[in-house]
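Summary of structural features
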Amino acid sequence: ALRRNGRIEDALAAHRRSLEIRQALSPERADDIAECLNNIGAAEFHRGNGFQALQYFRQAVELARNSPTVRRLHLSTGLMNMGMACMQLGRMNDAVACFDEVMNLRMSSDADELDLAQAAAVAGSGLLHTGESVRGLRMLRKSYEIRTRLLPPTHERVLATRENLAQALATHGELAEAESLLNEETAIVTRTGVASVPDGRGKIADMLITRYRKLGDEDSARRV
């Protein structure tokens, strides 16, 4: 809660205190320790300290690998976090390796589909940043497919995932699909009055207009 409200230093203090308590009272509970390490790393990551965050994520992953009692969710979370930290540090090959392992774990385990959707969303964004556009878009489509199937049409994650996918498609030249998603999002907002926060439709429209005009397609640009 503190981290989400921007109070990163306070969040770090709380997470570190939690780690101290768990290490003192139940050091054998590797699941709890791994969770704390991931939380501390996430707080460090959100204050821009990628190198320090990576050390905590690596500890969580090593603990998860070496302990048969740690749930695979903690391992895949640690790997996903490691991938994001590697991206922040410009270590793109390491990031891709982490995201690949995350998807293998999530797809081969009994994790529920919404967990898989979350992993696919993060992995997809990460792969796009590393230049792996085909695989990145495939992951984002997978996340979108799961969320639209399992969640209500006005759920914040459905709206956000649709917009993220549309932006990625527009960026990588898949204009017809991006425009279709933009129209779908607009129809839902018009029908229900519920939009994502912040509403990203204007940004998507601007991207499409710019792309269409670069292609000399003024009719499509005017339509958007």
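Here is a short report on the structure shown in this document. (Residues numbered from 1 in each chain as written. Predicted model: local features only at pLDDT ≥ 70, side-chain atom pairs only at ≥ 80, totals over all residues. Heavy atoms only, no water.)

A few words now on the packing of helix H1 (residues 8-25) against helix H2 (residues 30-46). Contact geometry for H1 and H2: axes closest at 9 Å, N-to-C directions at 160 degrees. Considered as vectors, H1 and H2 are oriented roughly antiparallel to each other. Both H1 and H2 take part in a crossing whose hand is left-handed. Along its contact with H1, which presents Ile8, Leu12, His15, Arg16, Ser18, Leu19, Arg22 and Gln23, the element H2 presents Asp32, Ile33, Glu35, Cys36, Leu37, Asn39, Ile40, Ala43, Glu44 and His46. Counted by class, the contact of H1 with H2 contains eight nonpolar, five polar and five charged residues. (Axes fitted to C-alpha atoms, helices over the stretch in contact; angles between N-to-C directions. Helix = DSSP H or I, 4+ residues; strand = E, 2+ residues; numbered from the N terminus. Parallel < 35°, antiparallel > 145°, perpendicular 65-115°, else oblique. Left-handed = near helix turned anticlockwise from the far one by under 90°. Contact = heavy atoms within 4.5 Å. Nonpolar A, V, L, I, M, F, W, Y, C, P; charged D, E, K, R; others polar.)

Let's shift gears to the environment of Leu159. Looking at the secondary structure, you find Leu159 in helix H8 (residues 156-171). Not counting residues within four places of it along the chain, the set of residues in contact with Leu159 comprises Pro153, Thr154, Glu185, Ile188, Val194, Ala195 and Ser196.

A word on the packing of aromatic side chains. Tallied over the full model, the rule gives zero aromatic pairs. Across from the ring centre of Tyr212, 5.9 Å away, lies the NZ or CZ of Arg223, which sits over that ring. (Phe/Tyr/Trp six-rings, centres within 6.5 Å; stacked < 30°, edge-to-face > 60°. Lys NZ or Arg CZ within 6 Å of the ring centre and 35° of its normal.)

Another point: unusual backbone geometry. In this model, Val197 is joined to Pro198 through a cis peptide bond whose omega is -5 degrees. Mapping Pro198 onto the fold places it in the loop between helix H9 (175-192) and helix H10 (201-214).

On inspection of all chains with the given rule, the structure shows 20 salt bridges. As a salt-bridge pair, Glu35 and Arg22 come within 3.2 Å of each other at their nearest N and O atoms. Of the two residues, Glu35 is situated in helix H2 and Arg22 in helix H1; the sequence distance between them amounts to 13 residues. A residue is classified by how much of its surface remains accessible, and Arg22, at 24% relative accessible area, is partly exposed. Close ionic contact of Arg149 with Glu113 constitutes a salt bridge, the shortest N to O distance being 2.8 Å. Residue Arg149 is located in helix H7 (residues 133-150), and its partner Glu113 is located in helix H6 (residues 113-129); the two are separated by 36 residues in the primary sequence. Owing to a relative accessible area of 34%, Glu113 belongs among the partly exposed residues under this scheme. (Salt bridge = Lys/Arg side-chain N within 4 Å of Asp/Glu carboxyl O. Buried < 20%, exposed > 50% of the residue type's maximum accessible area, 1.4 Å probe, protein only.)

Attention now moves to the side chain of Arg147. Tracing the chain through its elements places Arg147 in helix H7. A polar atom in the side chain of Arg147 sits 2.8 Å from the side chain of Thr161. In this view, Arg147 contacts Leu114, Ala117, Gln118, Ala121, Arg157, Val158 and Thr161; residues no more than four positions away in its chain are not counted. (Polar contact = N/O pair within 3.5 Å; in protein donor to acceptor, adjacent residues only side chain to side chain.)

Before going further, it helps to examine the nonpolar core. Phe57, Leu75, Leu79, Met82, Phe99 and Met103 are the most contacted members of the largest nonpolar core, which totals 31 residues. Elements supplying a minimum of two residues to this core: H2, helix H3 (50-66), helix H4 (72-88), helix H5 (92-108), H6 and H7. Core analysis: the second largest hydrophobic core is formed by 20 residues, Leu137, Ala170, Tyr212 and Ala221 among them. (Core = buried A, V, L, I, M, F, W, Y, C linked by side-chain atoms within 4.5 Å.)

The end-to-end C-alpha separation of H10 is 20 Å, in line with the 20 Å expected for 14 residues at 1.5 Å each. Along H10, the residues that are buried comprise Ile204, Ala205, Met207, Leu208, Ile209 and Tyr212. Of the residues one or two after H10, Gly216 is the one with positive phi, at around 75 degrees. (Expected span 1.5 Å × (residues − 1).)

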